[in-house]
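Report on the structure
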Amino acid sequence: MKNQVLVPTHPERIHPLLGHHVAGLGAERGDWQDAIRRVIHNLINIRDEDGRFLLRLEDGRVIDTKSWHGFEWTQGVGLYGLWKVWETTGDEQAWSIMTDWFKERFAEGSPSRNINTVAPFLTLAHLFERTGNPAYRPYLDTWAEWLMKGLPRTSENGFQHIVYNSVNPQQLWDDTLMMSVMPLAKIGKVLNRPHYVEEAKRQFLVHTKYLSDPQTGLWFHGWSFEGRHHFARARWARGNSWVTIAIPEFIELLDLPETDGLRLFLVETLRTQVDALIPLQTENGLWRTLLDDATSYEEAAATAGFAYGILKGVRLGLLPAPFEEPGRRAALAVRKLINEAGELTQVSFGTPVFNTLQEYKDIPLTSMPFGQAMALLALLEFNYRFI
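We now turn to the structure provided with this report. Every value quoted in this text rests on a predicted model; they were computed, and no experiment measured them.

The next point concerns the overall build of the chain. Counting its secondary structure elements, the chain contains 13 helices and 6 strands. For 387 residues, the compact-globule estimate of 2.2 N^0.38 gives 21 Å, and the C-alpha radius of gyration of the chain, at 20 Å, lies within 12% of that figure. For the C-alpha atoms alone, the extent of the chain along its principal axes is close to 70 × 50 × 45 Å. Taken across its 387 residues, the chain has 59% of its residues classed as buried. Within the chain, counting contacts between residues at least 6 apart in sequence, those at least 24 apart form 67% of the total.

As enumerated under the stated definition, the model contains 23 aromatic pairs in all. Taken together, the ring pairs in this structure connect Trp68, Phe71, Trp101, Phe102, Phe106, Phe121, Tyr139 and Trp143 into an aromatic cluster. In this arrangement the basic side chain of Arg113 is found over the ring face of Trp143, its NZ or CZ atom lying 5.3 Å from the centre. Positioned above the aromatic ring of Tyr384, the side-chain terminus of Arg315 is 3.8 Å from the ring centre.

This next bit is on the packing of helix H8 (residues 237-254) against helix H9 (residues 261-277). Interaxial distance between H8 and H9 falls to 10 Å at its minimum, and their mutual angle equals 150°. As summarised for this structure, H8 and H9 are arranged roughly antiparallel, according to the angle between their axes. Between H8 and H9 lies a crossing of left-handed hand. Of H9, the residues touching H8 (which contributes Asn240, Val243, Thr244, Ile247, Pro248, Phe250 and Ile251) are Leu262, Arg263, Leu266, Val267, Thr269, Leu270, Gln273, Val274 and Leu277. Here the residues of the contact of H8 with H9 sort into 11 nonpolar, 4 polar and 1 charged.

The tally for this structure, following the rule as stated, stands at 26 salt bridges. A salt bridge links Lys84 to Glu249, with the nearest nitrogen and oxygen atoms 3.3 Å apart. Here Lys84 is found in helix H2 (residues 73-89), whereas its partner Glu249 is found in helix H8, with 165 residues between them in sequence. In this structure, Lys84 and Glu249 share a single accessibility class: buried. One connected set of salt bridges, linked through shared partners, spans Lys84, Glu87, Glu249, Glu252 and Lys312.

With 13 residues, helix H11 (residues 324-336) ought to run about 18 Å at 1.5 Å a step, and its terminal C-alpha atoms sit 19 Å apart, in line with that. Along H11, the positions that sit buried rather than exposed are Glu324, Pro326, Gly327, Ala330, Ala331, Ala333, Val334 and Arg335.

Before going further, it helps to examine the side chain of Gln170. Within the fold, Gln170 resides in the loop between helix H5 (137-150) and strand E3 (171-173). A polar contact is formed between the side chain of Gln170 and the backbone nitrogen of Ser155, at a distance of 2.9 Å. In contact with Gln170, other than residues within four places in its own chain, are Arg153, Thr154, Ser155, Gln160, Trp223, Ser224, Phe225 and Glu226.

Our focus in this paragraph is the environment of His207. Mapped onto the secondary structure, His207 falls in helix H7 (residues 194-211). According to the relative accessible area criterion, His207 is buried, its value standing at 0%. Spatially, the C-alpha atom of His207 lies 8.8 Å from that of Phe159, the residues being 48 residues apart in sequence.

Turning our attention to helix H6 (residues 176-190). Here H6 spans 21 Å end to end across 15 residues, near enough to the 21 Å set by a 1.5 Å rise per residue. At Met182, H6 shows its strongest bend, of approximately 25°, with the proline Pro183 following within four residues. Summarising burial for H6: 14 of the 15 residues are buried, a large majority. Immediately beyond the C-terminal end of H6, within one or two residues, lies Asn192, with a positive phi of roughly 55°.

A separate point is unusual backbone geometry. The phi dihedral of Phe231 is positive, around 55°, even though this residue is not glycine. In this fold, Phe231 is placed in the loop between strand E4 (222-224) and H8. One non-glycine residue with positive phi stands out, namely Gln346, at about 65°. For Gln346, the location among the structural elements is in the loop between H11 and helix H12 (357-361).

As a further point, take a nonpolar patch on the surface. A cluster of nonpolar residues, Ile14, Leu17 and Leu18, forms a patch on the protein surface that exposes about 360 Å² of accessible area. Overall, the relative accessible area of 64% leaves Leu18 in the exposed class.

As a further point, take the packing of H8 against helix H13 (residues 369-383). Packing of H8 against H13 brings their axes to within 13 Å, and their N-to-C directions diverge by 40°. Taken together, the axis directions place H8 and H13 in an arrangement best described as oblique. Where H8 crosses over H13, the handedness of that crossing is left-handed. Contacts between H8 and H13 involve Arg238, Ser241, Trp242 and Ile245 from the former and Phe370, Met374 and Leu377 from the latter. Partitioning the contact of H8 with H13 into residue classes produces 5 nonpolar, 1 polar and 1 charged.

The rules behind each value
- Residues numbered from 1 in each chain as written.
- Predicted model: local features only at pLDDT ≥ 70, side-chain atom pairs only at ≥ 80, totals over all residues.
- Heavy atoms only, no water.
- Helix = DSSP H or I, 4+ residues; strand = E, 2+ residues; numbered from the N terminus.
- Rg over C-alpha atoms; globule rule 2.2 N^0.38 Å.
- Buried < 20%, exposed > 50% of the residue type's maximum accessible area, 1.4 Å probe, protein only.
- Contact = heavy atoms within 4.5 Å.
- Phe/Tyr/Trp six-rings, centres within 6.5 Å; stacked < 30°, edge-to-face > 60°.
- Lys NZ or Arg CZ within 6 Å of the ring centre and 35° of its normal.
- Axes fitted to C-alpha atoms, helices over the stretch in contact; angles between N-to-C directions.
- Parallel < 35°, antiparallel > 145°, perpendicular 65-115°, else oblique.
- Left-handed = near helix turned anticlockwise from the far one by under 90°.
- Nonpolar A, V, L, I, M, F, W, Y, C, P; charged D, E, K, R; others polar.
- Salt bridge = Lys/Arg side-chain N within 4 Å of Asp/Glu carboxyl O.
- Expected span 1.5 Å × (residues − 1).
- Polar contact = N/O pair within 3.5 Å; in protein donor to acceptor, adjacent residues only side chain to side chain.
- Bend = angle between axes of the 7 residues up to and from the residue.
- Patch = residues over 30% accessible without salt bridge, like charges linked within 9 Å, V, L, I, M, F, W, Y side chains within 5 Å.
- Areas by Shrake-Rupley, 256 points an atom, 1.4 Å probe, with all protein chains shown as cover.

Set out below in structure tokens:
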């Protein structure tokens, strides 16, 4: 016999405790790895063909939030997805794509600073830690110092969610945790600046205080200290998914001890959120763009984020084992929405905080770098189940 048969063809014939660990996954390793390759190809080849999704600013700048060569949070999350590919597989193509992106963007010149343009620096901090490339250090230093000293603050010293086209005075958004707080924490680690890390911890606490909904366990998209309200009180799926991703990432990044007070607080916050999410998961494994609104459409990027955060939370021991099943269902649902071109379909475009729920339901669907990246995260975390 030349080759062992490692994947069961009749798993029902053997006691579950003696069975192969992939028997109940409902997925094949080769298909999963092929999907990862195709998602990466689509990620770096996305184009805004007709200019429909360009952001045109009053000063004449044109910001491309869709194509791979832009410099925004959408590409920043895409870079982080590629970093996770390299970190878990050593894929040389992923490495080249990341390093080429930074080389080309820095050659063009830095964009204006805001919450969202900080997002790529989470990946740059990882690259600097790995390579020690001195050309990266000034960027990490300058942008982190801007977060600490130049970024407008809300009451209670929250990071004000300033973006390319709006100052958003006194506003907190749940997106901020992923786009700026995570980069600040990682830069603090690699540059040995503990005050950055402490500031990142405070931001998690301030954002949890004002954006988590004690009534449902979910998170509101935004909070304004001007008038003290949650805008439309939208429990928006993708915003919630940034939280589900960021909490396990933050705990792992800082290597918080099991008895650490902040870790205990964040674990309970995550558990409360996921407890609320599970009953809202649709029969096909997806979540809706407004989590608690059955008239809103199902959205794949948020589902991918939930799949990643839940499955990683279980793997790290932050969430109980029974949460594995809804996480797997979500990942399988995401896989079904990746087409032959490698595009994660059913992804909503970038979404500001709105004053009405209908505006969330009207956001168009289109392929986006962040959608591709969130698909990568879900696929890669699920991939641990094949090992």
